[in-house]
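Observations on the three-dimensional arrangement
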Amino acid sequence: MCGKKKQSSLRNILRNLPELLGCVRLQRNVLWLLQAAEAALIWKTPAPPWVKFFFWLALHGKCWTADRRWRHGLQDDNSCITCDQYAETLDHIILGCVFSREVWAACLRTFRLLELIPTHEERIMDWWTTSRKRLPKVLRRDFDSLFFLVGWNLWKERNGRTFDRAARQPQQLAQAIVEEASLWIAAGYRSLGALDARRAG
Ligand SMILES: [Zn+2]
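All of the points below concern the structure found in this document. (Residues numbered from 1 in each chain as written. Predicted model: local features only at pLDDT ≥ 70, side-chain atom pairs only at ≥ 80, totals over all residues.)

**Side note on unusual backbone geometry**
Rules: Numbering goes from the N terminus for both helices and strands, where a helix is a DSSP run of H or I of at least four residues and a strand is a run of E of at least two.
A positive phi angle, close to 60°, is found at aspartate 84, a residue other than glycine. Structurally, aspartate 84 is set in the loop between helix H4 (66–71) and helix H5 (90–96).

**Focus: helix H2 (residues 24–44)**
For clarity, the cut-off: Helix span, as expected, comes to 1.5 Å for every residue beyond the first. The burial criterion counts other C-beta atoms lying within 10 Å of a residue's C-beta, which is placed from the backbone; the residue is buried at 20 or more, exposed at 12 or fewer, and partly exposed between these limits.
With 21 residues, H2 extends 30 Å between its outermost C-alpha atoms, agreeing within 8% with the 30 Å of an ideal straight helix rising 1.5 Å per residue. Burial analysis of H2 places just two of its 21 residues in the buried class, a small minority of the element.

**Points about helix H9 (residues 170–186)**
So the rule is basically this: Throughout, the arc means the angular range of directions from the helix axis out to the C-beta atoms. In this description, a residue-residue contact is defined by the distance between C-beta atoms placed from the backbone, which must lie within 7 Å.
Between its first and last C-alpha atoms H9 spans 25 Å; for 17 residues at 1.5 Å apiece the expected length is 24 Å, and the two agree. All of the buried residues in H9 are Leu173, Ala174, Ile177, Ala181 and Trp184. In an axial view of H9, the angular spread of the buried residues amounts to 100°, which keeps them on one side of the axis. In H9, the exposed positions angled more than 90 degrees off the buried face are occupied by Gln171, Glu179, Ser182, Leu183 and Ala186. Buried positions along H9 lie against helix H6 (98–110), helix H8 (137–164) and helix H10 (191–196). Glycine 188, located one to two residues past H9, shows a positive phi value of around 110°.

**A look at the nonpolar core**
This is how the line gets drawn: Nonpolar core, as used here: buried Ala, Val, Leu, Ile, Met, Phe, Trp, Tyr and Cys residues forming one set through C-beta atoms within 7 Å.
With 43 residues, the main nonpolar core has Val103, Cys107, Ile124, Leu146, Leu149 and Val150 as its most contacted residues. Sorting the residues of this core by element identifies helix H3 (49–59), H5, H6, helix H7 (124–132), H8, H9 and H10 as the ones contributing at least two each. Ranked by residue count, the leading element in this core is H8, at eight residues. Those residues in contact with cysteine 107, other than ones at most four positions away along the chain, are Val150, Ala174, Ile177 and Val178.

**What about the packing of H3 against H8?**
The condition that has to hold: Lines fitted to the C-alpha atoms define the axes, with helices restricted to the stretch that makes contact. Angles between their N-to-C directions range from 0 to 180 degrees. Here the angle decides the label: under 35 degrees means roughly parallel, over 145 means roughly antiparallel, 65 to 115 means roughly perpendicular, and every other value means oblique. Residue polarity follows a fixed list, in which Ala, Val, Leu, Ile, Met, Phe, Trp, Tyr, Cys and Pro are nonpolar, Asp, Glu, Lys and Arg are charged, and the others, Gly among them, are polar.
Where H3 contacts H8, the two axes come as close as 10 Å, and the packing angle between them is 75°. The angle between the axes of H3 and H8 places the two elements in the roughly perpendicular class. In contact with Val51, Phe54 and Phe55 of H3, H8 contributes Phe148, Gly151, Trp152 and Trp155. For the contact of H3 with H8, the class distribution of residues is six nonpolar, one polar and no charged.

**Quick look at the environment of isoleucine 177**
For isoleucine 177, the location among the structural elements is in helix H9. A count of 21 C-beta atoms within 10 Å places isoleucine 177 in the buried class. C-alpha separation for the pair isoleucine 177 and leucine 154, spaced 23 residues apart in sequence, amounts to 9.5 Å. Those residues in contact with isoleucine 177, other than ones at most four positions away along the chain, are Cys107, Leu149, Val150 and Asn153.

**Re the packing of H6 against H9**
Counted only if it meets this: Crossing handedness is read from the near helix: turned anticlockwise from the far helix by less than a right angle, it gives a left-handed crossing, and turned clockwise, a right-handed one.
Packing of H6 against H9 leaves a shortest axis separation of 9 Å and a crossing angle of 45°. With respect to their mutual orientation, H6 and H9 come out oblique. Classified by chirality, the crossing of H9 by H6 is right-handed. Counted together, Phe99, Glu102, Val103, Ala106, Cys107 and Thr110 of H6 and Pro170, Gln171, Leu173, Ala174, Ile177 and Val178 of H9 form the full contact between these two elements. Of the residues in the contact of H6 with H9, the class split is nine nonpolar, two polar and one charged.

Keep in mind these values describe shape, not function.
Dropping the structure here:
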(Lines give C-alpha, C1' and ligand atoms only; values in the text may rest on other atoms or scores of the structure.)
Protein backbone atom coordinates (compact mmCIF):
# COMPACT_ATOMS: atom_id res chain seq x y z
CA MET A 1 0.00 0.00 0.00
CA CYS A 2 1.33 3.43 -0.89
CA GLY A 3 0.75 6.84 0.71
CA LYS A 4 -0.67 9.88 -1.08
CA LYS A 5 1.21 13.17 -1.23
CA LYS A 6 -0.76 16.12 0.05
CA GLN A 7 -0.21 19.59 -1.34
CA SER A 8 -1.75 22.85 -0.27
CA SER A 9 -3.31 25.42 -2.57
CA LEU A 10 -5.60 28.39 -2.29
CA ARG A 11 -8.54 26.15 -3.13
CA ASN A 12 -7.48 23.64 -0.48
CA ILE A 13 -7.34 26.42 2.08
CA LEU A 14 -10.75 27.68 0.99
CA ARG A 15 -12.06 24.12 1.11
CA ASN A 16 -10.75 23.48 4.63
CA LEU A 17 -11.18 26.88 6.24
CA PRO A 18 -14.87 26.47 7.18
CA GLU A 19 -14.07 23.14 8.87
CA LEU A 20 -11.21 24.75 10.78
CA LEU A 21 -13.64 27.42 11.91
CA GLY A 22 -16.14 24.73 12.89
CA CYS A 23 -18.72 25.65 10.23
CA VAL A 24 -19.56 22.29 8.65
CA ARG A 25 -22.58 23.68 6.80
CA LEU A 26 -20.53 26.53 5.35
CA GLN A 27 -17.89 24.04 4.26
CA ARG A 28 -20.53 21.96 2.46
CA ASN A 29 -21.72 25.08 0.61
CA VAL A 30 -18.17 26.11 -0.34
CA LEU A 31 -17.43 22.61 -1.64
CA TRP A 32 -20.65 22.57 -3.64
CA LEU A 33 -19.90 25.97 -5.20
CA LEU A 34 -16.32 25.01 -6.09
CA GLN A 35 -17.46 21.74 -7.63
CA ALA A 36 -20.26 23.43 -9.60
CA ALA A 37 -17.78 25.97 -11.02
CA GLU A 38 -15.39 23.19 -12.01
CA ALA A 39 -18.19 21.16 -13.61
CA ALA A 40 -19.28 24.20 -15.64
CA LEU A 41 -15.70 24.64 -16.87
CA ILE A 42 -15.54 20.96 -17.87
CA TRP A 43 -18.70 21.13 -20.01
CA LYS A 44 -17.52 24.39 -21.65
CA THR A 45 -14.15 22.95 -22.70
CA PRO A 46 -13.81 22.22 -26.44
CA ALA A 47 -13.28 18.43 -26.41
CA PRO A 48 -15.11 15.24 -27.48
CA PRO A 49 -18.12 14.49 -25.23
CA TRP A 50 -16.68 11.22 -23.90
CA VAL A 51 -13.55 13.08 -22.74
CA LYS A 52 -15.68 15.69 -20.99
CA PHE A 53 -17.63 12.88 -19.33
CA PHE A 54 -14.37 11.29 -18.16
CA PHE A 55 -13.34 14.55 -16.49
CA TRP A 56 -16.79 14.94 -14.98
CA LEU A 57 -16.38 11.45 -13.47
CA ALA A 58 -12.90 12.47 -12.29
CA LEU A 59 -14.32 15.57 -10.62
CA HIS A 60 -16.75 13.40 -8.66
CA GLY A 61 -14.13 10.75 -7.79
CA LYS A 62 -15.87 8.05 -9.82
CA CYS A 63 -12.96 6.65 -11.87
CA TRP A 64 -11.93 3.13 -10.93
CA THR A 65 -8.26 3.65 -10.10
CA ALA A 66 -6.30 1.03 -8.15
CA ASP A 67 -6.65 3.22 -5.05
CA ARG A 68 -10.44 3.39 -5.37
CA ARG A 69 -10.70 -0.37 -5.98
CA TRP A 70 -8.48 -0.97 -2.93
CA ARG A 71 -10.65 1.31 -0.77
CA HIS A 72 -13.70 -0.71 -1.85
CA GLY A 73 -11.97 -3.98 -0.96
CA LEU A 74 -11.79 -5.09 -4.60
CA GLN A 75 -8.01 -5.57 -4.66
CA ASP A 76 -5.16 -5.93 -2.17
CA ASP A 77 -2.78 -3.34 -3.54
CA ASN A 78 -3.29 0.32 -4.47
CA SER A 79 0.10 0.90 -6.11
CA CYS A 80 0.51 2.80 -9.36
CA ILE A 81 0.81 0.36 -12.27
CA THR A 82 3.48 2.58 -13.83
CA CYS A 83 5.91 3.56 -11.05
CA ASP A 84 4.87 1.15 -8.27
CA GLN A 85 5.83 3.84 -5.72
CA TYR A 86 2.67 5.77 -4.88
CA ALA A 87 -1.05 5.16 -4.52
CA GLU A 88 -2.72 5.06 -7.92
CA THR A 89 -5.17 7.94 -7.57
CA LEU A 90 -6.36 9.93 -10.57
CA ASP A 91 -4.31 12.91 -9.37
CA HIS A 92 -1.26 10.66 -9.44
CA ILE A 93 -2.03 9.15 -12.86
CA ILE A 94 -2.53 12.54 -14.50
CA LEU A 95 -0.09 14.77 -12.63
CA GLY A 96 2.01 13.11 -9.95
CA CYS A 97 3.57 10.06 -11.58
CA VAL A 98 7.11 10.52 -12.87
CA PHE A 99 5.94 9.02 -16.17
CA SER A 100 3.09 11.54 -16.49
CA ARG A 101 5.34 14.48 -15.73
CA GLU A 102 7.68 13.40 -18.54
CA VAL A 103 4.72 13.21 -20.92
CA TRP A 104 3.51 16.65 -19.80
CA ALA A 105 7.01 18.10 -20.23
CA ALA A 106 7.26 16.77 -23.80
CA CYS A 107 3.78 18.02 -24.77
CA LEU A 108 4.14 21.43 -23.13
CA ARG A 109 7.56 21.86 -24.73
CA THR A 110 5.98 21.16 -28.14
CA PHE A 111 3.44 23.94 -27.64
CA ARG A 112 5.91 26.33 -25.97
CA LEU A 113 4.14 26.21 -22.63
CA LEU A 114 7.07 24.93 -20.57
CA GLU A 115 6.29 27.28 -17.69
CA LEU A 116 3.26 25.11 -16.86
CA ILE A 117 5.07 21.78 -16.33
CA PRO A 118 3.59 20.13 -13.21
CA THR A 119 6.25 19.78 -10.54
CA HIS A 120 4.38 17.77 -7.93
CA GLU A 121 1.19 15.88 -7.35
CA GLU A 122 -1.88 17.95 -6.61
CA ARG A 123 -5.60 17.78 -7.21
CA ILE A 124 -5.98 17.81 -11.00
CA MET A 125 -8.82 20.34 -10.97
CA ASP A 126 -6.70 22.72 -8.84
CA TRP A 127 -3.72 22.41 -11.19
CA TRP A 128 -5.89 22.95 -14.26
CA THR A 129 -7.77 25.99 -12.94
CA THR A 130 -4.57 27.55 -11.54
CA SER A 131 -2.44 26.86 -14.64
CA ARG A 132 -4.96 28.30 -17.12
CA LYS A 133 -4.97 31.58 -15.19
CA ARG A 134 -1.22 31.90 -15.71
CA LEU A 135 -1.84 32.18 -19.46
CA PRO A 136 -3.12 35.16 -21.47
CA LYS A 137 -6.91 34.97 -21.87
CA VAL A 138 -6.63 34.19 -25.59
CA LEU A 139 -4.80 30.95 -24.82
CA ARG A 140 -6.94 29.64 -21.96
CA ARG A 141 -9.49 27.74 -24.08
CA ASP A 142 -6.59 26.22 -26.02
CA PHE A 143 -4.97 25.09 -22.82
CA ASP A 144 -8.29 23.64 -21.58
CA SER A 145 -8.45 21.42 -24.67
CA LEU A 146 -4.80 20.43 -24.30
CA PHE A 147 -5.31 19.55 -20.65
CA PHE A 148 -8.19 17.25 -21.61
CA LEU A 149 -6.25 15.70 -24.49
CA VAL A 150 -3.18 14.89 -22.36
CA GLY A 151 -5.18 13.79 -19.30
CA TRP A 152 -7.41 11.53 -21.36
CA ASN A 153 -4.39 9.89 -23.00
CA LEU A 154 -2.65 9.35 -19.66
CA TRP A 155 -5.80 7.59 -18.44
CA LYS A 156 -5.89 5.44 -21.59
CA GLU A 157 -2.19 4.61 -21.14
CA ARG A 158 -2.90 3.52 -17.57
CA ASN A 159 -5.74 1.31 -18.84
CA GLY A 160 -3.51 -0.21 -21.52
CA ARG A 161 -0.89 -1.07 -18.90
CA THR A 162 -3.49 -2.43 -16.46
CA PHE A 163 -5.63 -4.51 -18.82
CA ASP A 164 -3.48 -5.23 -21.91
CA ARG A 165 0.04 -5.08 -20.42
CA ALA A 166 0.88 -2.61 -23.20
CA ALA A 167 3.31 0.13 -22.20
CA ARG A 168 4.75 3.03 -24.15
CA GLN A 169 7.70 5.27 -23.35
CA PRO A 170 6.86 8.88 -22.36
CA GLN A 171 8.19 10.24 -25.68
CA GLN A 172 6.11 7.74 -27.66
CA LEU A 173 2.94 8.71 -25.82
CA ALA A 174 3.72 12.43 -26.17
CA GLN A 175 4.21 11.97 -29.91
CA ALA A 176 0.88 10.11 -30.16
CA ILE A 177 -0.82 12.95 -28.23
CA VAL A 178 0.56 15.62 -30.57
CA GLU A 179 -0.68 13.57 -33.55
CA GLU A 180 -4.09 13.16 -31.92
CA ALA A 181 -4.24 16.95 -31.52
CA SER A 182 -4.40 17.16 -35.32
CA LEU A 183 -7.37 14.75 -35.32
CA TRP A 184 -9.17 16.88 -32.72
CA ILE A 185 -8.57 19.99 -34.87
CA ALA A 186 -9.91 18.16 -37.95
CA ALA A 187 -12.96 17.14 -35.90
CA GLY A 188 -13.72 20.81 -35.18
CA TYR A 189 -12.03 21.46 -31.83
CA ARG A 190 -10.35 24.51 -33.30
CA SER A 191 -8.94 25.94 -30.10
CA LEU A 192 -6.19 23.35 -30.43
CA GLY A 193 -5.43 24.84 -33.85
CA ALA A 194 -4.26 28.06 -32.20
CA LEU A 195 -1.96 26.05 -29.98
CA ASP A 196 -0.78 24.05 -32.96
CA ALA A 197 0.42 27.28 -34.56
CA ARG A 198 2.79 27.70 -31.57
CA ARG A 199 4.39 24.31 -32.13
CA ALA A 200 8.13 24.20 -31.64
CA GLY A 201 9.81 23.14 -34.85
ZN1 LIG B 1 3.13 6.33 -10.64
